[in-house]
Amino acid sequence: MKVIICGGGVIGVSIAYFLSLVGAEVVVVERTGVANAASGKSGGFLARDWCDESPLAPLARRSFDLHGSLAKSLDRDWGYRRVDTLSVIASTRRNVGGYRNLPSPAWLGEDAAVYSQIGTPETTAQINPAAFTNAIMDAAIDGGAKLVNGSVEGVELTPGGDSVTGAIVDGAALAGDVVVIAMGPWSVLACQWLPLPPTGGAKGHSLVFDYDPSPESLFVELENDDGEMTTPEINPRPDGTTYICGLPGDDPLPVDPALVIPESGASEKLRQMAARISPELGASKVLAEQSCYRPVTTDGLPLIGPVPGIAGAYVATGHNVWGMLNAPATGEAMAELIVGGAATTVDLHTFNPARLTPLKSSGG
């Protein structure tokens, strides 16, 4: 069985890795570079039980455990570590002392206070997302997978249009028994070729600072001088850097991931937000100014499963903020589905693409 995976983000490479474990012939097609979009620019925060009140709970719990086992079994370093996770209140217009229920890390400023602990090393962890995605792709290649640099421009179908025979890459046919659409928000392009529900892109900005504080992950409610509330997330990393995100963007999704850039003034605003929480952090050198688009669906749940009515066509996208967390379990379940006909580790019925109306009919 030859499987063509369209997209070199964390979902696509995770599917490739687990397929490589069962001997499938795998080709990952990526036009801009592995982990070039949200898979390389996210926070890399992992939580075992934060999805427990949603249909994502079994996927998240399985995936959290897989992250731990992968960190032990693969001889690669992607900054995996278990961490405490804290809820922080910060305000420049009122005294936050009354909210201080727990000791605050020394690197927080006077206007910030720890309100509660919302995760422990048993339930929350961190990874460097770009390093993780590249390491899993490398592990898949070690297992026989191939990485092809190219742009997927369509799928090849049988004359009756009810089964795939491959993909069109840079104008040429690439034969395959299975085609998996895993292009993040750009999976919407596949709606031209297959009867798929649409995906959208939610833009966010982030900064990476040259700053090495204590390792807690922070989720902050930040109030500025005008009373405006924002909710930045801060993740110090083992490599001596600190990541902050929490500023949305308005630009529409560009056609090419290479065209994604921060919006005017966004990086400076995010630095100001960091300085209100921790003056030391805000004054540190910025190593990277980033933006990316999270893939989202109309009902907030990912699309994971077969494309309705088209044998050999599958999709895995729309994971929103939990893509990095849920990638391993998605990859494992998709490999089971493609090779064995059913996922056994996680029930995928909730994420079946057939639950939503396709953007257009196949062949139209």
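Residues numbered from 1 in each chain as written. Predicted model: local features only at pLDDT ≥ 70, side-chain atom pairs only at ≥ 80, totals over all residues. Heavy atoms only, no water.

A. Highlighting the nonpolar core. Counting 56 residues, the largest nonpolar core has I5, L19, V180 and M334 as the members making the most contacts within it. Not counting residues within four places of it along the chain, the set of residues in contact with M334 comprises I15, V180, I304, G305, Y314, V315 and A316. Formed by 26 residues, the second largest nonpolar core is a distinct cluster that contains C6, W186, V260 and A313. (Core = buried A, V, L, I, M, F, W, Y, C linked by side-chain atoms within 4.5 Å. Buried < 20%, exposed > 50% of the residue type's maximum accessible area, 1.4 Å probe, protein only. Contact = heavy atoms within 4.5 Å.)

B. Inspection of the environment of S42 at higher detail. Among the structural elements, S42 can be located in the loop between α2 (38-41) and β3 (45-47). Residues S42 and G300, 258 residues apart in the sequence, show an inter-C-alpha distance of 18 Å. (Helix = DSSP H or I, 4+ residues; strand = E, 2+ residues; numbered from the N terminus.)

C. Focus on a nonpolar patch on the surface. Among the surface-exposed residues, M1, L21, V22 and V339 lie close enough to one another that they form a single nonpolar patch of about 380 Å² accessible area. Inspection of the secondary structure assignment puts V339 in helix α7 (residues 323-340). Classification of V339 by relative accessible area gives partly exposed; the value is 43%. (Patch = residues over 30% accessible without salt bridge, like charges linked within 9 Å, V, L, I, M, F, W, Y side chains within 5 Å. Areas by Shrake-Rupley, 256 points an atom, 1.4 Å probe, with all protein chains shown as cover. Salt bridge = Lys/Arg side-chain N within 4 Å of Asp/Glu carboxyl O.)

D. Here's a closer look at the packing of aromatic side chains. Applying the stated criterion to the full structure yields seven aromatic pairs. Ring centres of F45 and F219 lie 5.0 Å apart, and the angle between their planes is 70°; on these two criteria the pair is classed as edge-to-face. Within this pair, whereas F45 is found in strand β3, its partner F219 is found in strand β14 (residues 217-223), the two being separated by 174 residues in sequence. On the basis of relative accessibility, which here comes to 7%, the residue F45 falls in the buried class. Through successive ring pairs, a cluster of aromatic residues spans F45, W50 and F219. (Phe/Tyr/Trp six-rings, centres within 6.5 Å; stacked < 30°, edge-to-face > 60°.)

E. Fine view of the pattern of salt bridges. Scanning the model with the defined rule gives 10 salt bridges in all. Of the charged contacts, one joins D52 and R61 as a salt bridge, the two residues approaching to 2.9 Å between their closest N and O atoms. One salt bridge connects D299 with R355, and the closest N-O pair in it is separated by 2.7 Å. Residue D299 is found in the loop between β18 (286-296) and β19 (303-306), and its partner R355 is found in the segment after α7; the two are separated by 56 residues along the sequence. In the salt-bridge network here, residues are joined through shared partners; they are R93, R94 and E223.

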